[in-house]
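Chain by chain, the residues:
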Amino acid sequence: MAVYSMTGFASASAAPAAEGEHHPVGVTVEMRTVNSRFLDIAFRLPDELRQAEPALRELLTAALRRGKVEVRAQVGRAGDDSLPHPGAEQLNRLARLQGTVQTWLPQAAGLSVHEALQWCRGGASAAPAQALDELAVQAARDCIEALRAARAREGGRLAQVLQERLATLRQLAEQAEPLVPAVVGKQQQRFMERWAEALDAAGGAGAVSAESARDRALSEAAAYAIRIDVAEELARLRAHLDEIERLLAKGGEIGKRLDFLIQELHREANTLGAKSSALELTGISVDMKVAIEQMREQVQNLE
């Protein structure tokens, strides 16, 4: 299953077959989506298509799970961008309506040529309401299909970026793992040197004191090793990376799960930085946080 982004744009048109020399009324639907925690749909529909909103909403809720969706639709002459060709019946009706209005409202201005042409292009007599609804639903279906394809392409690119960051985090984990024993060894040597200096300052000591000092130094080094041990953090971090990789391969609605795993990755990287006393481990922790933050930005766009 594909990985879907919440960002996308698509448009589609629908119109009945042309009859004679007249171009029938068609409907064009545009959809653009951006990221959102939930599915948020906003309609920008002309008055002729208001009654189609419930059907359009049902199509969208069945096809999409998350994202802020803006739906725009317009009614126009399909396949003809030129001026309309009003018929005699339309013009007679306009004239009668204008006469009726001006009889009751003598100060009312007459219709301009532009207003008359606009009424003939998209007026109520241009197409039955039911026919417009059917065209709107048909255009919406085609638009949703194109939108999902666009979101899938964008999701594929985001998944590729996430895979690259996963590889970076695995490399950083491999670099961090051998550093802990080296840091413990250095600290153990430092403890031994300090205890030797303390014994020399005390004027020397026998074999028993030297052995006791050595045991004390080793005990301090062991306690230090326990404090800075990051084996558990690295193991959990690798487990989270494996789960993210599995979800990306599975696809579908994975955005919220990935967002939770990103939080867990950030927690492990923070713990790694808090436990580390070596400059190398601190640098690795910072690099991990940078890669994780880059992943968070991408995951927030996934459905």
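A brief structural summary.

Each value, and the rule that gives it
Residues numbered from 1 in each chain as written. Predicted model: local features only at pLDDT ≥ 70, side-chain atom pairs only at ≥ 80, totals over all residues. Heavy atoms only, no water. Patch = residues over 30% accessible without salt bridge, like charges linked within 9 Å, V, L, I, M, F, W, Y side chains within 5 Å. Areas by Shrake-Rupley, 256 points an atom, 1.4 Å probe, with all protein chains shown as cover. Salt bridge = Lys/Arg side-chain N within 4 Å of Asp/Glu carboxyl O. Helix = DSSP H or I, 4+ residues; strand = E, 2+ residues; numbered from the N terminus. Buried < 20%, exposed > 50% of the residue type's maximum accessible area, 1.4 Å probe, protein only. Expected span 1.5 Å × (residues − 1). Arc of directions from axis to C-beta. Axes fitted to C-alpha atoms, helices over the stretch in contact; angles between N-to-C directions. Parallel < 35°, antiparallel > 145°, perpendicular 65-115°, else oblique. Left-handed = near helix turned anticlockwise from the far one by under 90°. Contact = heavy atoms within 4.5 Å. Nonpolar A, V, L, I, M, F, W, Y, C, P; charged D, E, K, R; others polar. Phe/Tyr/Trp six-rings, centres within 6.5 Å; stacked < 30°, edge-to-face > 60°. Lys NZ or Arg CZ within 6 Å of the ring centre and 35° of its normal. 1 Å grid on protein atoms, 1.4 Å probe; cavity = no way out; pocket = protein on both sides within 12 Å on 5 of 7 lines; lining within 4 Å. Points joined across faces, edges and corners; volume = space filled by probe spheres on them. Polar contact = N/O pair within 3.5 Å; in protein donor to acceptor, adjacent residues only side chain to side chain.

Thoughts on a nonpolar patch on the surface
A grouping of Val-101, Trp-104 and Leu-105 is seen on the molecular surface, where their side chains present a nonpolar patch of about 380 Å² in accessible area. Within the secondary structure layout, Trp-104 lies in helix α2 (residues 88–104).

Side note on the pattern of salt bridges
Going through the model one piece at a time under the given rule, you end up with 13 salt bridges. With a shortest N-O distance of 3.6 Å, Arg-236 and Glu-233 are connected by a salt bridge. With Arg-236 and Glu-233 both in helix α7 (residues 231–250) and three residues apart, this pair spans about one turn of that helix. Residue Arg-236 is classed as partly exposed on the basis of its relative accessible area, which comes to 35%. Close ionic contact of Glu-293 with Arg-296 constitutes a salt bridge, the shortest N to O distance being 3.3 Å. Note that Glu-293 and Arg-296 are positioned in helix α9 (residues 279–299) at a spacing of three residues, about one turn of the helix. By relative accessible area, Glu-293 is classed as partly exposed at 33%. Relative accessible area serves as the criterion here: at 19%, Arg-296 is assigned to the buried category. By sharing partners, the salt bridges in this structure join Arg-170, Asp-242 and Glu-245 into a single network.

Observations regarding α7
Compared with an ideal rise of 1.5 Å per residue, which puts 20 residues at 28 Å, α7 spans 29 Å between its outermost C-alpha atoms and is within 8% of the ideal. For α7, the full list of buried residues reads Glu-233, Leu-234, Leu-237, His-240, Leu-241, Ile-244, Leu-247 and Leu-248. Taken down its axis, α7 places every buried residue within 145 degrees of arc, on the same side. Set apart from the buried face of α7 by more than 90 degrees, the exposed residues are Glu-232 and Ala-249.

Here we look at the environment of Asp-259
Here Asp-259 is to be found in helix α8 (residues 255–275). When the C-alpha positions of Asp-259 and Gln-298 are compared, they lie 9.7 Å apart, and in sequence the two are 39 residues distant.

Digging into the packing of α7 against α8
Packed helices, taken two at a time, are described by the angle their axes make and the gap between the axes. At their nearest, the axes of α7 and α8 sit 10 Å apart, and the two run at 160 degrees to each other. In terms of orientation, α7 lies roughly antiparallel with respect to α8. Judged by the twist between their axes, the crossing of α7 over α8 is left-handed. Of the residues in α8, those touching α7 at Glu-233, Arg-236, Leu-237, His-240, Leu-241, Glu-243, Ile-244, Leu-247, Leu-248 and Lys-250 are Arg-257, Leu-258, Leu-261, Ile-262, Glu-264, Leu-265, Glu-268, Thr-271 and Lys-275. Among the residues making up the contact of α7 with α8, the classes are represented as nine nonpolar, two polar and eight charged.

Description of the packing of aromatic side chains
Counted under the stated rule, the structure contains zero aromatic pairs. A cation over an aromatic ring shows up here: Arg-148 above the ring of Tyr-4, its NZ or CZ 4.6 Å from the ring centre.

Considerations on the layout of surface pockets
Here the second largest pocket is characterised by a volume of approximately 210 Å³. Looking at the second largest pocket, the residues that line it are Met-6, Asn-35, Ser-36, Arg-37, Phe-38, Arg-66, Gly-255, Lys-256, Asp-259, Val-299 and Gln-300. With three residues, α8 is the single largest residue contributor to the lining of the second largest pocket. Looking at the lining of the second largest pocket residue by residue, the class counts come to three nonpolar, four polar and four charged.

A short note on the side chain of Ser-285
Residue placement: Ser-285 occurs in helix α9. For Ser-285, a relative accessible area of 2% puts it in the buried group. Engagement of the side chain of Ser-285 in a polar contact is seen with the backbone oxygen of Ala-269, the distance being 2.9 Å. Not counting chain neighbours up to four residues away, the residues in contact with Ser-285 comprise Ala-269, Leu-272 and Gly-273.

Function cannot be inferred from these measures alone, as they are strictly geometric.
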